[in-house]
Structures are given as structure tokens and as C-alpha cells.
Amino acid sequence: MSHVTALLMLPVLCSIISTSSAASSVARKCENSLATPLPYSSFTSSSVYAQGCGAGYAKLNRKQGAGGWSPLDTDHYQWLQVDLGSRKQVVAIATQGRYSSSDWVSKYRLLYSDTQKNWRPCLQDGNIWTFEGNVNSEGVVRHELQHVILARYIRFIPLDWSREGRIGVRLELYGCSYWADVISFDGHGVISYRFRSKKMKIVKDVISLKFRTTAGNGVLLHGEGQQGDYISLELRRARLQLGINLGSNQYGSIQGHTSVTSGSLLDDDHWHSVVIERYRRNVNFTLDHHTQHFRTNGEFDHLDLDYERNLTFTCAESNSFPVFFNSTSFLRLSGQSDSDTLSVSLSFRTWNPNGLLMFTALTDGWVEVGLTEGKVTVYMNMTQKKNTRIDISSGSGLNDGQWHNVHLNALENYAMLTVDGDEASTVRTAIPIQIQTGGTYYFGGYFLHSNTRTTQRSFQGCMQMIHIDDHLADLKAVEQGHIGTFENVSLDMCAIIDRCVPNHCEHGGRCGQTWDTFSCNCSGTGYTGATCHTSMYQQSCEEYKHQGKSSGNYWIDPDGSGSVMPFRVSCDMTEEKVWTTLKNSLPPQTSVTSPDQEGKAVLQITYNVTDEQVLSVTSSAEYCEQYIAYACRMSRLLNTPDGVPYTWWVGRANEKHFYWGGSGPGIQKCSCGIEHNCTDPKHNCNCDADLRSWREDAGLLVYKDHLPVSQVVVGDKRRAGSEAKLTIGPLRCQGDRNYWNAASFNSPASYLHFPSFRGETSTDISFYFKTSSTHGVFLENLGATNFLRIELKGSSVVVLSFDVGNERLVLSVHSPIPLNDDQWHRVEAEKNIKEAVLQLNGQYRDVRPTPPQGHTKREFSSELYVGASSGQRGFLGCMRALKIDGVTFDLEQRAKVTPGVNPGCQGHCSSYGMHCKNRGKCVEQYNGYSCDCSLTAYDGRFCTDDVGGYFETGTLVRYDFVQEAGPFALRDAKSLSGVGVPFESNLTQEELVFSFSTSSTPSILVYISSKTQDYLAVVLRHNGTLQIRYSLGGLAEPYTIDVDHRNMANGQPHSVNLTRNLREIHLQLDHYPVSTYTLPEASDTQFNLVKSIFLGKVFETGKIDPILIERYNTPGFVGCLSRVQLNSVAPLKAALRSGLAAPVSTHGILVPSNCGASPLTISPMASASDPWHIEAGAAFPFSEDKASGDRVDRNSAIIGGKSSVQLLKNEWSLISPQELHSLLCFFTFLDRACLSSAAPLHSNTQTLV
């Protein structure tokens, strides 16, 4: 049968124990007056000023006697004590001055005890707390205690008082009764709790107890189950350790033991509260209000616990009487004088590595015992023998806060030093002469004026069990003034504080401390700052790039001060967008071997980062991809006879996926199945053809929420001759949306509001901004008690101000350059329990220490405003990458629903958007703008670069419109981002724009088909003239538009702009005026079910206009096409740009060239003087007779295939303006004639005039 046992190997321990399987009941309201109902005798004090000023008159709002308590002496050794009669919960205190007087206390401390011995100070924010008192005799000042005090005796210690009078006080304590069963253990007792016979397996437990002890080691609670489950609670070196095991699996591969340590200095003989709350494997371990959350190891979540009986005993009192020393304290005691034997022993605890423990003057010389760098050292100086000095030392690391014992014996001709009772390590040394004691001993410090000054600094810490000449010093008698003297010593109290518990050093920083403060060693953590809060690394490769870094391996920390630790990635910055690469452990072309009994082989893919770290990259990335390849020989991949894939891969969150590279979720296909070019058309993967020759299915996985690949299960490996090789590429992600998450504030009154955040002991805020304004509030929180604001002042100063308790801390950073220069600047602010830091642009900083009350967690009761909401002038400009405590605030999303604020950085497109040509869309960016050319037939920064190609004989480009009804239509078209891909639709209006150059006829330039017999065709007839053919139904023959007066097959670039709206058609050729045509009334106006666009030639099934096929389709277009666009579709651009995945195919040779789209360089003119108009019969104003005999005009030169005209300066006056205009037209014509002859070279050409 299982049982729980309390095993106490402690000299003395008192414990209050209760266990249950549910949470404790809701606490009753605890607000009773505790002091007022007490009798006069329950109040005692250090002294009384007069008969009417007794301690019993110190009740709030009472006027009896002299109206309150006043002590005889007004100094720092006075106290007022209240006996509550039994242990009470004290939650608040209120004070007044003495009635109708000039006496009050302006600052005070509280001590508490259960025994009137071993007093403990009231702590707040980890410090001995000083309460603010009164400023007059009648006002009431109340303080809520940060932590409830459980005690019988409360002692009030005045620290400062009225300058006009003396100490005077009336007070009230608020709280309620406290009940508990108390068990006393002597170090040998054991209480066993037997479970009931009925075994219970519960998933939720609450175990609570309180204990106090003077021993640093021992078991408080231990319980075991029949199958190895256990729970234990024990003290080790005065720290509490919880061990719990819910069981391991049958193979033992998952160990269930979990151990957590909490607290420090728990052997102080004060009550400590422990609560253990467990729900399945989740545990909250709370010690004295500090909670650790952890999850147990193993895979089980039940622990056999039941209710137990309660036993009540008394709690034995401790005989310890500690003495507390600060930097100005000393204690003087007497011993034997003129003795030849010196014997002193004591116990001490401290955090300081150096300090004086004891000093005594000898008849001839002196002896000093102290701490030096954590070791006990003894210095003996003998003046008889020419200042003979004897030094001995023992121990190490004794400034660890634990109790240590020191014993020094000097007699006859030797001295012995023993530390912690370890006789084996006792240090002995010879003394050349016999000593003679002086009889006076100083402990903790020595401040008397004499020639024998101590070399040690004062001791800060606690001492007890002081023995002189082997007699225990009666420190109680010292307190009563019967023996010895002291100064600035607190008797019967050890106010040592462990400033490293809880550990305020974050991210694994190592805490070290002295008596007054702590420090953090952040080396090896990846973080820096006073508490190791701030990351040393940038959040992404994107941020490194904008700091001017080049490609390489970098440490990144996406969440900054958050819980995700920094990790190393590869950054590729060679492209406009930055790639972040995470490598895995699988070598390329890894052979798939060792299938299990079911014939499946499992390949694990591990990365050099954790799942959290991977998620931090993919969640903020704009795009991610991972290459996956399966090389096979008689090893099928996806398709099986019953439809269940042979092979699958596992991604994020251990989710199975049945699609392969090049495909997408929900499509059980490989890349070849999407592109319809698999080895066997019956299958959707090459490997599914099940051939004996090697085949491969490869492609990119781009659905980032599924990435990365963590496991691949290969299922077709049992057959003879079956082979497979697997390649999993690195995870590659592009962009960082958090880094560019921005909002524009268009008015000083505009702001974004977010739910208030709760800061931990450390809080950090960072963001980028740019503005042209000189003032503005970046963000603020207007909590009732916790104010915070960051603002820009005077164009060059950033100010951080926030409340800490009753104080307001203000930091400011001055920039040597104006901050309203419309350039990006970075602000970083951090507040922790040691300091506040404000940093600008990574180099200008202001650092201020925080006051002691800065330890409190910031709890904001109002919303956080980005911008100003309090009537202050708000920020006017752009802000991005706002991050608080490692969490990025989504400014863009909130800006979409907030008036006066726009997502992104606005303003550039309104000023510069006109530079985006050819219907390119202006896109706001962090430092300017860009032109989105994806829905145009152009490329380049401003969408002005022609995209064209040279068509050889038989070349054609086909662009297919996607079926709207098809469930996989969009997916089968790969990724359709970056190019407009409309569904099949019925058009009542369209715009077709393109340019071309050719010398061959006849040919089809553009043909647009449909699933009906509707079509639109633009053809060149045999004579080089252009014809437009519309067939929309309703007519026996297609409606044709003939442009008979121009030969368009003259090798020159020509542009065509054809638009239709219902029946009205507009046609513009080159730079000539627009011509208007109208479809006949009998014609339909709807272009039904547009199917495909053909360029250069038609290769289509179904019924096609025979005239097109017979007259124009053979041999096909030969020449250049450019700028082809139908509405938002650019088919030629889709065919020529490999980065645009679209439903487009090419047959024959297509060479990129813009030879069909040389820009127009002259303005429109009348056809009578147009040299392009062949039939015009225009005479050119020059004579061939002027040419030289070698057929070369000496006034011109052919440079790089271009005609460049050099006219002598004195010849300009001989040419009339009309002749000059005609001459320029001629050279334009000549230049384009050269262009047409050069077209087959596929060169990119431009005309210079």
C-alpha cells in the first residue's frame, strides 16, 4: 500500500501540513482592526516619556492619556511592540502622530516574530522596507503590505520623526485570525500517513505547508507509490528542493524524475509557506510568494495521493539569538584579561567576501579574525618581537550566505584555527612568545581611536553563538544593558537577504551578490545589460543587411528579450530580398534503408535549432521554401491502388502531409503532375511509374505553416530491386514582416491603442521612427500609478519618463544631428530592478539607477497608446518594428481600423507615384517607394523596361485562362503570385496593347480564343497592312477592320492599342490619332468564355476560322513582339520571366529582345510630311549628288550601328526650320531601317537623336 511519510532529519523543525486534491477555499475578507480591541497590557515599548505617554495609549484616533506613545529618548534605539495574543494575518498598517502635539514619526520599519525573539524585518521588493509615515499629528497614513505577515508580535521601529517635536505615534494593524495545526519535529521523528485501501489515481493535487527551522538540511515530506511514483520535499543547504516522478515508460527511455530548487536562507527560524499545485504534468511550486512553473518529465500524468489525517503538536522554541551588523556596527564584550590563553568562537553568515569578525588588543600586540576573499584569516601582531606578524587562513567561499562556525585557540606556543568544525582541516601555527590577553573583544567592527587600527573593513552580516573563553555570551543581557556595549546593532534579528533568489539575472545569467547589491555575469548567454535582459544580436538577417552587413553566418534573436534564445543562421544578402537559411542533418542523396516490419523506412531530419526558433523565423517571414527530392528505382512515391500514399513527410506540429515538392496542400501530386509532364501520364509522380531505371520527383515546398520537414516515411521499400534516395534541402525564408511592420500617423491627434501590458521585473521597448516634426509623443501609458511615456522634444532630444512607486524617473538622450530629417532612427528603452536605460541609434545613451521600489512588476491598468491620447502633441510620421518585451505589436493591422493612421509608411506615392509608368502600381516602402509591375507588360524600377522577344519561324506562345469551376484550377497552375491570372470570363470590354516589328507577311500577331466560337485576331496581310477580326457571334462573317494605307511589315517598330467597350472600338497605331469603329447591331457584345491567348501562331483544337488558318497561320510570325497585354494579363512577360509561375507554354525558339518596341522619338505629324507614310510621295530635302564617291556622307558617321549626325556650327543658319524638321525625320527613318536589318541579331537597340 502506498504511503506518504514526513521524515525530518532536522535538529528542530515546526511544520503545518495539509494536502488535498482541490484548490483551497476562497480566502475570507481580512480587514479587521487588530490593535484597537487589545488591552493596555498588550502594548510594550523601549521606554516611556511620561505617565500619559505609555505604549497602551498608541491606538489610532484615541485621545486618552497624552494622546499616544512617546519614548523617553528620541533616537534610533526606540521601539513600540504589539502583542496580538495569537498568530494573526496582518495585511495593512495605519499611523498617526500623538494627539494635538508636534510629535510624529515620518519614517519607520516593521519587525515581526512569533516568540519575541529572532525578529524579522518586513520586506518589500526584496529589500528591508522603510515606510513613509506622517507629516503632522492628526493625518492618517495607511500602507497595504506587499506580502501578508503571519506573526503574533509586531514591533514598530521609528527611523525619522518630527523636527519640531519628538517621536510620537498612534497606530492600527489590519488583518484577521489565523488557524493552523502545528507539528514539532526534533530531527528523529517520523509521521507516516497511510492511504486508504481504495487506490486513487488523480490528476490534480494541492499540497501546502508552512515550516520554520534552524537547520539547513533535512526531509520535510516524502511519499512513494507502488510503481515507483514519488514526491519529496527537502532542505539542502537551506534551499528547498522538490522532487517528483510520475513514472517512466516501460522501456525506460523517457525518464520521469524532475527536480526543482527554490528559495534560500530558509534556516532562519521564520515561517515559510510552501504550496505545490499539480495538474497532470504541469506544476506550480510556490515558496513565500515566488512561483516556479514547470512541466514534469516522462509521459504519465497521474500520482497516487489521497487525504491524510492531521496531527497537532506544539512547536519547540529556538535558543538562537542572532546579532545583525551593518557597515557602522560593532559589539563589545569582555573576557578574561592577562590570560595566556585566547579562545574565541562564533557563527556567522554574510554575502561579503571581506569583513572584520573579531578584534582584540593584547598586552603587547593585537589579534584580528576576519574574512578575506571568502576565507577566514587570522592576523596576530606581537610588538615584543619587533612587530612579529603571524598570518593563518582556512576555508573558501564562506561568503555564501550559509552559517559557518569559526573557532580560534591560542595558548602556550601555538595557535589553531578551525572552520565549520572540520578538525581534519584545522590550521596550526607556532607562536614565538606567549600571549597575554587584554580582556576586551570587538565583533563586527572597531571604531575607537587608537594606534592599533584594524586593517579590515566592517562586517555586514549576522553572528550568533559567540563564545569567549569557552563561555557563551549572554546577548540577551547585552540587549538589556547589563553587560557589554554596542552601536548600530540589531539584536535578536538576522536581516540577511538573498538578492539572487529569485534570480533576477535573465536568460541563464549567473547571479553574484554582496550585502548591498547583486550583479549579473552574462558571459556566454547571448544577452547583455545589468540583468542580462537585452539581446546582443539583431532580430533577423534583414536587420543585419540594413546595418551594412554582407552575406555570411550570423546569430539572430527574433524575439529580442523574449524566451527564444539566439541561434545561428546563414544570411544571403546578394538579392534585393534577404534569405535566411537553416540547415539540417540529412546529407544529399541519402540512401533509404532499414525498413521496419511493415516495410516503412523512417528518416529523421534534425536542425541545429529548436522548434521555437524555427517558428520565430517562419512566422515573420514573407515566404519560405524547402527543396525535397525523391530519387527512385522501383520505389513508388505517392499513389497506391487504394489511394493511400506510400510516402509522406511530417512537418510542423508533427502533422503528416501527402503532397510533394512543386505541389500544394490538398493535392496528392508531384511537380510533374501539376505540369502534366510525368514519365507515365497515368500517374502524378515520376516514381509512381515504377520503372527499373532511375527517376526523380523534386520540387519546392512553399506552404510555410507546414515547414520545416522533420521526418519522411518511405513506404515502398520491401520489394527486391527497390531503391530510393532522399534529399531534403535547408529551410530558406525570405523577408521579415515584423521588421517592416509600420504605421503612418497623419495627424498629431491620431493614435493607436492596444491592451495594456504587464511588465515583468524587466521591461524593454524598441522601435524605429522617422519624422519631419520637431515634437511628438511616440507612446504612453496613463495608468493611475504607473505612468510611462516616450517622446521627441525639440527635434534632437528623446525623453523617457515613467513612475516607480512615488517617484518619476526621467531619462533623455541628445542627438548631435536633428532627428526630424525624415530618416530612420531607432529608440531602445529598458527598465529593470537595477537601472533604466534609454538608447538612440545604438550609440547615444542615458543610464539611471532605479530606486529600490523598482523591483515591483509593472501592472498597467489603462491601455497603451502609440501616439498621444492625453491632449499632448502626438507623433507625426512613420513608426515601425514596435516591440515590447520581445513581442512585436501589429501596427499595420491596428492602423487598418483606426482613423488618422494608415498601415505602412505613407506619403511617398503621393509625391513620386507618377514615376511608376505604364499602369505600374506605386507601393509604399520603409525608405521610399517601389513600382509594382506585376500586372503590366513591363519590368524595371519604374515599369518602363520593355519585355519582348524575337520569334523564329514556327515559334508560338500560348497563355491559358484558368477554369473558375475547377477545384484545383489555381493549384494546378503552380504559384500564381506575381502575375495576373483571371478565371475564364465573359468580356464586354477589353484592351489589347502590343508592339511589333517584322518584314515577313502574312502572319498572325495575336489570337484570343474562347470555348465558344468567339475570337479576336490581329493579323498582317500579304501586303503588310493590318487587319483586326472580331467574331462575337450574331454575324455570318467576322467583323473586320482593315488599315489599308500603311505597310506595317517594313521592319520598323509599330505599336497597337485596341480597346472595346460593348460595340464601340478604338484603335490607335503608333503615334497617329485614334480611329473609332462600331460593331454592327446584329453582333453580340459579349466575348464568351475567354480561353487562350496565342502569339505568333495558332495551335488550337476545335473549330477555327478557316481564313485565319489558310491565309495567315503558315509559316507563322517571324520578328519581334513586345509589351503584349490583354487587360491585366501579360502573356509574353509570363513566358519570358522564369520567376513568374503561370499557365503559359512556349513552342519553338523564343529569344528575349526588345527589338519590337524601340521608343518613339518624334511627335505626331501630318501624313503629308510623314516619311513613314510610303504612299505620300514626299520629297526629302537632300540630293544624292551631294554624297561623295565612296558613298559615304562626310558629315555623318556610323557609330555602333546608330546614325549620328554632326552638323557644323556655321551650317545651321543655312537650314530653315521646316527643312531641319524633315531632315531629322529622315535620319529617324534611316536609323529604323538599320534597326530592321539588325533584328535577326536579337540585339537590344535604342534610337539616339
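Residues numbered from 1 in each chain as written. Predicted model: local features only at pLDDT ≥ 70, side-chain atom pairs only at ≥ 80, totals over all residues. Heavy atoms only, no water.

1. Things to note about the sheet that holds strand E78 (residues 1075-1078)
Hydrogen bonds between backbone atoms are what pair the strands of a sheet, whose relative direction is either parallel or antiparallel. Test applied: A pair of strands is treated as paired once DSSP finds two or more bridges between them. Put simply, DSSP marks the helices as runs of H or I at least four residues long and the strands as runs of E at least two long, and each gets a number from the N terminus on. Each axis is a line fitted through C-alpha atoms, taken for helices only over the stretch in contact, and angles between the N-to-C directions span 0 to 180 degrees.
Strand order across the open sheet formed by 7 strands is E78-E77-E76-E71-E80-E69-E82, with antiparallel pairing between neighbours. Among the strands making up the open sheet, the edge pair consists of E78 and strand E82 (1150-1152). Across the sheet, the mean angle from the axis of one strand to that of its neighbour is 25°, orientation sign disregarded. Sheet topology note: the strand E77 (residues 1064-1069)/E78 ladder contains 4 bridges and is antiparallel. Bridge pairing in E78 links Leu1067 to Ser1075.

2. So, the environment of His1054
As a reminder, the rule being used: Classification of residues uses two cut-offs on accessible area relative to the type maximum, computed with a 1.4 Å probe and protein chains only: under 20% is buried, over 50% is exposed, and between them is partly exposed. Any N or O atom pair separated by 3.5 Å or less is treated as a polar contact, with the protein-specific requirement of one donor-capable and one acceptor-capable atom, and with residues adjacent in sequence counted only for side-chain atom pairs.
You can see His1054 is positioned in strand E76 (residues 1054-1061). Residue classification places His1054 among the buried positions, given a relative accessible area of 4%. Linking His1054 and Phe996, residues 58 residues apart in sequence, is a C-alpha distance of 5.4 Å. From its side chain, His1054 meets the backbone oxygen of Met1048 in a polar contact 3.5 Å long. Here Asn1050 takes part through its side chain, which lies 2.8 Å from a polar atom of the side chain of His1054.

3. Remarks on the sheet that holds strand E72 (residues 1003-1010)
The strand order E75-E74-E73-E72-E79-E70-E81 describes an open sheet built from 7 strands, whose pairing is antiparallel. Edge strands, defined here as strands with exactly one partner in the open sheet, are strand E75 (1039-1043) and strand E81 (1144-1147). Taking each pair of neighbouring strands and ignoring which way they run, the sheet shows an average axis angle of 10°. Examined bridge by bridge, strand E74 (residues 1026-1031) and E75 share 5 bridges and lie antiparallel to one another. Residue pairing across strands places Leu1026 opposite Val1043, the latter belonging to E75.

4. A short note on the pattern of salt bridges
In plain terms, the rule: What makes a salt bridge here is a side-chain nitrogen of Lys or Arg within 4 Å of a carboxyl oxygen of Asp or Glu, nothing more.
Evaluation of the coordinates by the stated rule reveals 37 salt bridges. Note that Arg163 is salt-bridged to Asp160, the shortest N-O span being 2.9 Å. Across the pair Asp960 and Arg958 runs a salt bridge, and its minimum N-O distance is 2.8 Å. The class for Asp960 is partly exposed, based on a relative accessible area of 25%. Residues joined by salt bridges that share partners form a network here, namely Arg636, Asp690, Asp716 and Arg719.

5. As for the UniProt feature "domain: EGF-like" (unreviewed entry) in the protein
We apply this condition: UniProt positions are given in the numbering used here, feature names are shortened, and annotations may be inferred rather than shown by experiment.
The UniProt entry lists residues 496-533 and 906-944 under the feature "domain: EGF-like" (unreviewed entry), expressed in the numbering used here. End C-alpha to end C-alpha, residues 496-533 measures 26 Å, and it is 0% helix and 26% strand.

6. Structural notes on unusual backbone geometry
The linkage connecting Leu707 with the following residue, Pro708, adopts the cis geometry, with an omega of 10°. For Pro708, the position within the fold is in the loop between strand E48 (695-701) and strand E49 (711-714). Of note, the bond from Thr1114 into Pro1115 is cis; its omega dihedral lies within 30 degrees of zero at 5°. Mapped onto the elements, Pro1115 comes out in the loop between helix H8 (1106-1112) and strand E80 (1119-1126). You will see that Asn488, though not glycine, has its phi angle at about 55°, which is positive. Judged by relative accessible area, which is 30%, Asn488 ranks as partly exposed.

7. Some thoughts on the state of the cysteines
Here is the rule: Two cysteine sulfurs form a disulfide in these notes if their separation is within 2.5 Å.
The final tally for this structure, using the stated rule, is 14 disulfides. With its sulfur 2.0 Å from that of its partner, Cys522 forms a disulfide with Cys532. Residues Cys522 and Cys532 are joined through a disulfide that is left-handed, its torsion about the S-S bond being -90°. Of this pair, Cys522 sits in the loop between strand E37 (518-521) and strand E38 (527-528) while Cys532 is found in the loop between E38 and strand E39 (534-535), placing the two residues 10 residues apart along the sequence. Overall, the relative accessible area of 12% leaves Cys522 in the buried class. The class for Cys532 is buried, based on a relative accessible area of 0%.

8. Some words on the environment of Cys878
Here is the rule: The criterion used for residue contact is that any of the two residues' heavy atoms lie within 4.5 Å.
Structurally, Cys878 can be placed in strand E62 (residues 877-884). Counting along the chain gives 109 residues from Cys878 to Phe769, while the straight-line C-alpha distance between them is 5.6 Å. Once residues within four sequence positions are removed from consideration, Cys878 is found in contact with Ala742, Ala743, Ser744, Tyr768, Phe769, Lys770, Trp824, Gly904 and Cys905.

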